[in-house]
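What follows is each chain in one-letter form.
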Amino acid sequence: MSTPRNDVPQHSDTPDRPGAQRSAPKQRQTRPSARGSGPRRGAKVAGSTRPVRRRQAPVPQPQKISAWRRWYSTLHPSLQLIGLQLWMPLFFIVGFCLCYVFAFHAPHPHDVPIALIGSDPTFVQAVQKALPGEFVFHTYDSLVAAKRDVMAGSMAVAYDPSNNEFFKASAHQFQVASLVPATLTAVLTAIGVATPKVTELAALPSYDEYGTVPMYVMLAWCIGGYMVAMFIGIMGGPLRHRVRMAVIVIGGLVISLITNTLAGPVVGAIHGHWIELVLIAWGWIVAIGLAVNGLSYFVGRFIAAPAMICFVFLSMPSSGGAYPKWFMPEPFAWLNNVVVGSSMVDMIKHQVYGVGPGPARGLITMACYAGAGLVLMYFGKMLWERRRIRAIVTGRTTMFQDAQTANREFLGRQRDVELERHGLASTETGTLQVLRDDDWEDDRVSGDVFTGGRDGLENEPLTTGRIAVVRQADRQSVGGRSGGSGSGPRARPASGPDTTGAPADPGDKPRHRHAAR
């Protein structure tokens with residue numbers, strides 16, 4: 001048998017009411033403890049004099065508001081939100097000019113590797129004299145090895161002086177296969193050599209005449225991957241890692257299925273290889289999503305800037321899809337080794353056309369981006385939580401948060417004004433109440449028989465029958481209940497002083513159309 005442990009009289013701190021007698025506190029009966037008599041972990045032990053250590057929150061310092069921020073807060077709330085988002089179009093046009101226009105306005109060959117079977121000093125000297133710095137010759141003893149490197153993309157073209165023949169692979173790079181043999185042919189004819197023969201090692205199919213399909217498919221994968229993670233970073237800050245990763249994985253699969261279905265069976269830009277491309281796209285979208293998700297912890301709502309820089313502005317010109325790296329200026333030529341676009345384009349070309357390097361380089365790059373994203377997620381989550389606690393404790397806000405709060409309050413006031421114009425008012429519970437009965441109509445209610453009023457309210461009373469409206473005073477007199485401000489609609493009687501709920505005369509017309517429901 002166990003005895004009650006709470007048998008000590010409890011003293012109430014509430015003040016005594018006048019004329020009331022205080023009774024002795026009841027003894028609380030407890031059941032025997034099923035956990036034993038030992039104290040809980042962390043509980044204070046009776047007789048212990050050890051002081052309890054408590055963390056004292058730092059005293060928040062008043063936030064310093066600049067004169068610019070105070071002036072900006074006086075603008076219309078909607079205008080504040082628009083102004084705080086204008087950085088994105090400004091950033092986009094600057095990035096587009098610095099990356100796309102700069103990279104593609106004047107592509108020029110430099111250090112283009114040429115596989116030369118055997119040796120031809122006259123030809124090499126003539127090319128170096130006529131086109132200095134544009135071509136670099138690599139000597140090969142085997143024609144088979146030279147062809148293999150052309151198919152792999154490490155060599156632009158191969159030239160066999162003994163047979164006066166060029167070997168190219170248009171499926172790997174259409175621009176190279178078109179420009180390089182024509183340029184070198186002009187040099188050969190200038191030194192008295194006959195026009196060489198051009199042999200195609202990997203021709204482009206008829207549904208991809210210029211070899212741009214891999215570039216645009218890659219761009220669709222990149223945009224889909226970074227946009228999913230971008231919205232997660234902007235609106236899903238408190239979400240756990242596993243929830244974020246689940247959204248990225250599922251969203252990546254959906255985007256992969258949609259893009260490959262549209263590019264393949266629907267549009268016909270790619271024939272076959274549907275399952276393989278779905279798996280490749282899924283892996284890349286997840287890797288890009290993890291990287292962007294990790295970055296979002298550090299930059300917050302500005303995640304669109306680094307995401308577009310890494311996976312659109314720098315990846316597209318450096319991918320080699322439009323022009324090879326031998327035609328791109330620096331730093332785009334060097335970035336071809338690290339950006340996701342180059343690995344993705346190579347994997348697509350290797351899978352669909354059988355050219356370019358194998359999948360090893362692409363898989364390694366994919367794993368590196370996914371691993372970097374996981375590392376950024378691990379440390380970024382801790383940094384984000386630290387910043388969040390600091391902002392809560394100190395009460396600091398950003399200009400965007402202030403603009404959102406001001407806009408929300410403005411929209412609430414505007415809603416009340418619009419309701420007032422139509423003779424309605426909102427209550428604390430979200431219901432609507434009728435304010436006036438006569439002469440409440442706004443001039444904007446006029447309309448026609450097809451569209452009704454300009455603000456969405458019908459001009460004629462509804463034909464669903466009338467409902468008798470009871471006054472608030474009548475509610476108090478009937479049944480003795482008292483209603484608050486939101487306990488019922490405040491409206492005048494629908495027809496005369498009869499508010500008992502009796503059926504109204506069908507011949508009477510409703511005095512107020514909001515009561516005729």
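First, a word on what this report is: a plain description of the structure on this page. (Residues numbered from 1 in each chain as written. Predicted model: local features only at pLDDT ≥ 70, side-chain atom pairs only at ≥ 80, totals over all residues. Heavy atoms only, no water.)

**Section: the overall build of the protein**
In step 1: The number of helices and strands found in the protein is 16 helices and nine strands.
In step 2: Per-residue burial for the protein yields a buried fraction of 36% across its 517 residues.
In step 3: Within the protein, counting contacts between residues at least 6 apart in sequence, those at least 24 apart form 67% of the total.
In step 4: Counting every atom, the protein has about 31,700 Å² of accessible surface; 60% of that belongs to carbon and sulfur. (Helix = DSSP H or I, 4+ residues; strand = E, 2+ residues; numbered from the N terminus. Buried < 20%, exposed > 50% of the residue type's maximum accessible area, 1.4 Å probe, protein only. Contact = heavy atoms within 4.5 Å. Areas by Shrake-Rupley, 256 points an atom, 1.4 Å probe, with all protein chains shown as cover.)

**Examining empty space enclosed by the protein**
In step 1: In total, this model carries three cavities of 30 Å³ or more according to the counting rule given.
In step 2: In this structure, the second largest cavity encloses a volume near 60 Å³.
In step 3: What lines the second largest cavity is Val150, Gly153, Met155, Ala156, Ala169, His172, Gln173, Val176, Ala177 and Trp326.
In step 4: Here the lining of the second largest cavity is built from residues that sort into seven nonpolar, three polar and no charged. (1 Å grid on protein atoms, 1.4 Å probe; cavity = no way out; pocket = protein on both sides within 12 Å on 5 of 7 lines; lining within 4 Å. Points joined across faces, edges and corners; volume = space filled by probe spheres on them. Nonpolar A, V, L, I, M, F, W, Y, C, P; charged D, E, K, R; others polar.)

**Looking at the packing of helix α9 (residues 274–299) against helix α14 (residues 359–394)**
In step 1: At a minimum axis separation of 6 Å, α9 and α14 run at an interaxial angle of 25 degrees. Overall, the two elements α9 and α14 adopt an arrangement that is roughly parallel. Here α9 and α14 pass one another in a crossing that is left-handed.
In step 2: Looking at the contact of α9 with α14 residue by residue, the classes come out as 17 nonpolar, seven polar and two charged. (Axes fitted to C-alpha atoms, helices over the stretch in contact; angles between N-to-C directions. Parallel < 35°, antiparallel > 145°, perpendicular 65-115°, else oblique. Left-handed = near helix turned anticlockwise from the far one by under 90°.)

**Points about the packing of aromatic side chains**
In step 1: Scanning all chains against the criterion turns up 20 aromatic pairs.
In step 2: On the basis of an interplanar angle of 50 degrees and a centroid distance of 5.1 Å, the ring pair of phenylalanine 123 and tyrosine 159 is categorised as tilted. Taken together, the positions of phenylalanine 123 in helix α4 (residues 121–130) and tyrosine 159 in strand β3 (residues 157–160) put the pair 36 residues apart, joining distant regions of the chain.
In step 3: Since its relative accessible area comes to 2%, tyrosine 159 is described here as buried.
In step 4: Members of the aromatic cluster, each reached through a chain of ring pairs, are Trp87, Phe91, Phe92, Phe96, Tyr100, Phe104, Phe302, Phe313, Tyr323 and Phe327.
In step 5: When the ring centre of phenylalanine 400 is taken as origin, the NZ or CZ atom of arginine 301, which lies over that ring, is 4.2 Å away. (Phe/Tyr/Trp six-rings, centres within 6.5 Å; stacked < 30°, edge-to-face > 60°. Lys NZ or Arg CZ within 6 Å of the ring centre and 35° of its normal.)

**A short note on the nonpolar core**
In step 1: Counting residues in hydrophobic clusters, the biggest one holds 68 residues, and the most contacted among them are Trp221, Tyr226, Ile288, Val292 and Met344.
In step 2: Ranked by residues supplied to this core, first place goes to α9 with 12 residues.
In step 3: Counting residues in each nonpolar core, the second largest holds 21 residues, with Leu131, Phe137, Val187 and Leu188 among its members. (Core = buried A, V, L, I, M, F, W, Y, C linked by side-chain atoms within 4.5 Å.)

**Remarks on the sheet that holds strand β2 (residues 135–140)**
In step 1: Across the sheet, which stays open at both edges, the five strands sit in the order β2-β1-β3-β4-β5 with mixed pairing between neighbours. Across the chains shown, the open sheet's two edge strands, defined by having one partner strand only, are β2 and β5 (197–200). Between one strand axis and the next, the sheet turns through 25 degrees on average, direction left out of account.
In step 2: Of the strand pairs in this sheet, strand β4 (residues 165–168) and β5 are connected by four bridges, and their pairing is parallel. In the strand pairing of β5, phenylalanine 167 is matched with threonine 199.
In step 3: Docked against the sheet, helix α6 (residues 174–190) engages β1 (112–117), β2, β3, β4 and β5, running at close to 165 degrees with respect to β4. (Pairing = 2+ DSSP bridges.)

**Description of the pairing of β4**
In step 1: Here β4 shows no split at all, with Glu165 and Phe167 on one side and Phe166 and Lys168 on the other all buried.
In step 2: In this sheet, β4 lies alongside β3 in antiparallel orientation, the contact comprising three bridges. Its bridge partner being in β4, alanine 158 is matched across the sheet by phenylalanine 167.
In step 3: With α6 bridging β4 and its parallel neighbour β5, the resulting β-α-β unit is right-handed. (Right-handed = clockwise from strand over helix to strand, strands pointing away.)

**Description of the environment of valine 345**
In step 1: When you line up the elements, valine 345 lands in helix α13 (residues 340–352).
In step 2: Residue valine 345 is classed as buried on the basis of its relative accessible area, which comes to 1%.
In step 3: It is 8.5 Å that separates the C-alpha atoms of valine 345 and valine 217, two residues lying 128 residues apart in sequence.
In step 4: For valine 345, the residues in contact, after removing those within four places along its chain, are Pro214, Met215, Met218, Ser319 and Gly321.

**Re helix α5 (residues 143–152)**
In step 1: Those residues of α5 lying buried are Ala145, Ala146, Asp149 and Val150. Projected down its long axis, α5 carries its buried residues within an arc of 140 degrees, all on one side. Of the residues in α5, the exposed ones pointing more than 90 degrees away from the buried face are Val144 and Arg148.
In step 2: On its buried face, α5 is in contact with β1, β2, β3 and β4.
In step 3: Where α5 starts, the residue carrying a side-chain oxygen 3.3 Å from the main-chain nitrogen of valine 144 turns out to be serine 142.
In step 4: Phi turns positive one or two residues past the end of α5, at glycine 153, with a value near 95 degrees. (Arc of directions from axis to C-beta. Polar contact = N/O pair within 3.5 Å; in protein donor to acceptor, adjacent residues only side chain to side chain.)

**Quick word on the side chain of serine 318**
In step 1: Along the chain, the position of serine 318 falls in helix α11 (residues 315–318).
In step 2: The buried category is assigned to serine 318, whose relative accessible area is 1%.
In step 3: A polar contact of 2.9 Å, which involves the side chain of serine 318, links it to the backbone oxygen of leucine 314.
In step 4: The contacts of serine 318, once residues within four sequence positions are left out, are Phe332, Leu335, Asn336, Val339 and Ser342.

**Re the packing of helix α7 (residues 213–235) against helix α10 (residues 304–313)**
In step 1: Where α7 contacts α10, the axes come no closer than 10 Å and their chain directions differ by 160 degrees. Comparing their axes, α10 and α7 come out roughly antiparallel. Of the two possible hands of crossing, α7 and α10 adopt the one that is right-handed. Contacts between α7 and α10 involve Cys222, Ile223, Tyr226 and Met230 from the former and Ala304, Ala307, Met308, Phe311 and Val312 from the latter.

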